[in-house]
Amino acid sequence: MNQRAYLSRRSFLQKTAAGLGVLALPQILPSRAFGAANNKLNIAIIGCGNRSRQLLASVLQEGDNVVALCDVHASQIQRLRGGESTKKKSGKTPDTAIALAKAKVYEDYRRLLESERSVDAIVIASGQHWHLAMTKAALQAGKHVFCEKPLAHSVGEAREIAKMMPGCKLATQIGTQGGSTDTFRRSMEIIQAGLLGQIREVHCWINRFFPLS
């Protein structure tokens, strides 16, 4: 009789060298996917501004530990800890202040990577010009990475990351969650089926405004 094998989330992370898909949250795989409800990850967040406040609820909802926070502006960390603008999901998100109370604070991501040996994965939601440097540093430190888009600003920069991946056994993910929605996929099906004819011009917009401060 064949026994059904389950991988723990941590075991999966140790063996994965590719992206985990485009989900709407910084999710280095939910514990329920592999029956590992008690196997929590230690997460560090680099960049504690608006985007982190939107992503934090998803991290906490997975039951993982946020053990370190990094931002050059102390006020951003204070706002994140206070739960300002953090989205609640179905009322199941743990209290932000309690969840982040013991998280260590850094203003230099390099010091964080040097000091926090227990960290399993890094969530990078800093200014986009830092994404490449921070991702490379995290991978070199042996940490799994969720990085908001864009990962890089050129093909050459993207290739720098690609060259690091073979054999590194680290899971990586980019925050392109918009492309994973049913609406986006249906739109692509319509275009690829030729129902709209030849596309000559596309207008894009966003219905949200995110202040810089």
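Residues numbered from 1 in each chain as written. Predicted model: local features only at pLDDT ≥ 70, side-chain atom pairs only at ≥ 80, totals over all residues. Heavy atoms only, no water.

**Q** Got a sec to walk through the packing of aromatic side chains? Specific residues and values, please.
**A** Enumeration according to the criterion identifies one aromatic pair in this entry. Taking 6.0 Å as the distance between ring centres and 70 degrees as the angle between the ring planes, the aromatic pair formed by Tyr109 and Trp130 counts as edge-to-face. A residue pair is termed long-range when its members are at least 10 positions apart, and Tyr109 in helix 5 (residues 109-115) and Trp130 in the loop between strand 4 (121-124) and helix 6 (131-140) qualify at 21 residues. (Phe/Tyr/Trp six-rings, centres within 6.5 Å; stacked < 30°, edge-to-face > 60°. Helix = DSSP H or I, 4+ residues; strand = E, 2+ residues; numbered from the N terminus.)

**Q** Before we move on, can you summarise the sheet that holds strand 6 (residues 172-175) with the specific residues and values?
**A** The six strands lie next to each other as 3-2-1-4-5-6, forming an open sheet whose pairing is parallel. The sheet is open, and its two borders are formed by strand 3 (104-106) and strand 6, each paired with just one other strand. Strand after strand, the sheet turns through a mean of 20 degrees between neighbouring axes, direction not considered. Bridge count between strand 1 (residues 42-46) and strand 4: four bridges; the pairing is parallel. If you follow Ala44 over to strand 4, its bridge partner there is Ile122. Sheet strands touched by helix 6: strand 1, strand 4, strand 5 (144-148) and strand 6. Its angle to strand 5, the strand with the most contacts, is close to 170 degrees. (Pairing = 2+ DSSP bridges. Axes fitted to C-alpha atoms, helices over the stretch in contact; angles between N-to-C directions. Contact = heavy atoms within 4.5 Å.)

**Q** Outline the nonpolar core, supporting the account with residue identities and numerical values.
**A** Counting residues in each nonpolar core, the largest one holds 23 residues, and the members touching the most others are Tyr109, Leu112 and Ile122. Breaking this core down by element, the ones donating at least two residues are strand 1, strand 2 (65-70), helix 5, strand 4, helix 6 and strand 5. A per-element tally of this core places helix 6 first, with five residues. When residues no more than four places from it in sequence are discounted, the contact partners of Ile122 are Ala44, Ile46, Leu112, Leu113, Ala138, Lys143, His144, Val145 and Phe146. Of all hydrophobic cores here, the second largest spans 18 residues; its members include Leu56, Leu60, Ile77 and Ala121. (Core = buried A, V, L, I, M, F, W, Y, C linked by side-chain atoms within 4.5 Å. Buried < 20%, exposed > 50% of the residue type's maximum accessible area, 1.4 Å probe, protein only.)

**Q** Before we move on, could you go through the layout of surface pockets and cite the residues and values that matter?
**A** Counted as a void, the second largest pocket has a volume near 200 Å³. If you go around the second largest pocket, you meet 13 residues; those closest to its centre are Leu60, Asp64, Asn65, Val66 and Ala99. Mapped onto the lining of the second largest pocket, the elements with two or more residues apiece are strand 2 and helix 4 (96-100). With three residues, the top contributor of residues to the lining of the second largest pocket is strand 2. Residues belonging to the lining of the second largest pocket are distributed by class as follows: seven nonpolar, two polar and four charged. (1 Å grid on protein atoms, 1.4 Å probe; cavity = no way out; pocket = protein on both sides within 12 Å on 5 of 7 lines; lining within 4 Å. Points joined across faces, edges and corners; volume = space filled by probe spheres on them. Nonpolar A, V, L, I, M, F, W, Y, C, P; charged D, E, K, R; others polar.)

**Q** Can you tell me about the confidence of the model for the protein chain, naming the residues and giving the values?
**A** Summarising the model, the protein chain shows a mean pLDDT of 79, and 74% of its residues fall at 70 or more. Here helix 1 (residues 9-15) is the element of the protein chain with the lowest mean pLDDT, 46, and helix 5 is the one with the highest, 97. Within the model, the stretch residues 11-38 combines pLDDT values under 50 with 73 contacts to residues more than four positions away or in other chains. In this model, residues 85-92 is a region of pLDDT below 50 whose contacts with residues beyond four sequence positions or in other chains number 16 contacts. (pLDDT = per-residue confidence, 0-100.)

**Q** Tell me about the packing of helix 2 (residues 50-61) against helix 3 (residues 74-82), and please be specific about residues and values.
**A** Two elements in contact, helix 2 and helix 3, have axes separated by 10 Å at closest approach and are oriented at 25 degrees. When the axes of helix 2 and helix 3 are compared, the pair comes out roughly parallel. The interaxial crossing formed by helix 2 with helix 3 has right-handed handedness. From helix 2, Asn50, Ser52, Arg53 and Leu56 reach across to helix 3, where they touch Gln76, Arg79 and Leu80. A breakdown of the residues in the contact of helix 2 with helix 3 according to their chemical character gives two nonpolar, three polar and two charged. (Parallel < 35°, antiparallel > 145°, perpendicular 65-115°, else oblique. Left-handed = near helix turned anticlockwise from the far one by under 90°.)

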